[in-house]
Amino acid sequence: MRPSLNLGPKPLITLTKTLAILTLVLLSTAQNLRAKSPENNLTVAEQYLLAAANEARASQGLRPVRLDPVLTEASGVHAREMANHAAISHQFDGEPELATRGANAGAHFSLITENVGEAPSSVIIHDLWMHSPGHRANLLDPNVDSIGIAIVTRNNQLYAVEDFASTVQTLTLNQQERTVASVLAQSGLRVAETTDDARQTCTMSTGYAGSRQPWFIMRYTAASLNDIPNQLKTRLNSGKYHQAIVGACGTNRKTPFTAYNIAVLLYP
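The paragraphs below set out a description of the structure included in this document. (Residues numbered from 1 in each chain as written. Predicted model: local features only at pLDDT ≥ 70, side-chain atom pairs only at ≥ 80, totals over all residues. Heavy atoms only, no water.)

A short note on the packing of helix 3 (residues 69-85) against helix 4 (residues 98-105)
Helix-helix packing is described using two parameters, namely the angle between the two axes and the distance between the axes. What counts, and what does not: Here, axes are lines fitted to C-alpha atoms. For helices the fit covers the stretch in contact, and angles between N-to-C directions go from 0 to 180 degrees. The numbering of helices and of strands both runs from the N terminus, where a helix is a DSSP run of H or I of at least 4 residues and a strand a run of E of at least 2. An angle below 35 degrees is read as roughly parallel, one above 145 as roughly antiparallel, one from 65 to 115 as roughly perpendicular, and any other as oblique. Crossing chirality is assigned from the near helix's rotation relative to the far helix, an anticlockwise turn below a right angle marking it left-handed and a clockwise turn marking it right-handed. Contacts were defined at the residue level, with two residues in contact if any of their heavy atoms lie within 4.5 Å.
Direction vectors running N to C along helix 3 and helix 4 enclose 125°, while the axes themselves pass 8 Å from each other. By the criterion of interaxial angle, the relationship of helix 3 to helix 4 is oblique. Where helix 3 crosses over helix 4, the two elements pack in a sense that is right-handed. Facing helix 3, whose interface residues are Val70, Glu73, Ala74 and His78, helix 4 presents Arg101, Gly102 and Ala105.

Okay, structure coming up:
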């Protein structure tokens, strides 16, 4: 039996004041939480999807995904499209595909996936996703680190979108080169600070820039700078190389995906 609350003979005016004070305290606490929380712009239904996603990931020993406001903006655009059409789809006629929507919103990523759903509540939507192999795989993908969530309601139906991504940090060419140089230095290489020749070489499909001929040139594209290609690791482990120059460059390819372009020149 649930215990009853006996207020006794307390005067109404005292009870009213107590409730008023309690209300002010609760409102103040809620405002402080909203100010400190990165999820402060999410609705309750959207907050549930975020919490449910990270709970499911934690149960599998996976790191949580962080709420990305740019991905959330992209999710919102598509959620409104679904509500307008009163249907779920990953792309409607005349609408950009997923990767382009994410890039148009300003996101930088090497991987992006999406869950869409429709149901009367977010609890049902998450349950449907977890019982769908494709949607479950997106939720439990160990390669993603960020999520965007949006829900739009129409006629008591919730149209929900989750966009997952492996985000790529925006770095200057100098920052990219310093990061790769620090990885190479762990192999005992002396990495030169001069990068002009390597930067120029990075932009070339063949050959090299500068008067000094490298013994080996490695050009590669990567979403992370903390790991170098296996072919380059093999060269470093050979013991034949003792100096290196690292160069980074941009790309002219029209693609919504983001990656780093790196050239490593090895010398004896």
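Some words on the pairing of strand 4 (residues 157-167)
We count it as follows: For every residue, the accessible area (1.4 Å probe, protein chains only) is compared with the maximum for its type, and the residue is labelled buried under 20%, exposed over 50%, or partly exposed between those bounds. Two strands are said to pair when DSSP picks up at least two bridges between them.
With nine of 11 residues buried, strand 4 is to be regarded as a mostly interior element. As defined by bridge partners, strand 2 (residues 109-119) adjoins strand 4 across 10 bridges and the pair is classed as antiparallel. Residue pairing for strand 4: Asn115 is matched across the bridge by Glu162. Judged from the nine bridges that link them, strand 3 (residues 146-154) and strand 4 form a sheet pairing that is antiparallel. Across the sheet, Ile149 pairs through a bridge with Glu162, a residue of strand 4.

Some words on the sheet that holds strand 1 (residues 66-67)
One open sheet holds the four strands; their spatial order is 1-3-4-2, and the pairing between them is mixed. Single-partner strands in this sheet number two, and they are strand 1 and strand 2. Helix-sheet contacts for helix 3 involve strand 1, strand 2, strand 3 and strand 4, and the interaxial angle to strand 3 is about 30°. Contacts from helix 5 (residues 122-130) reach strand 2, strand 3 and strand 4, with the element oriented near 125° to strand 2.

Remember, this is a structural readout, not a statement about activity or role.
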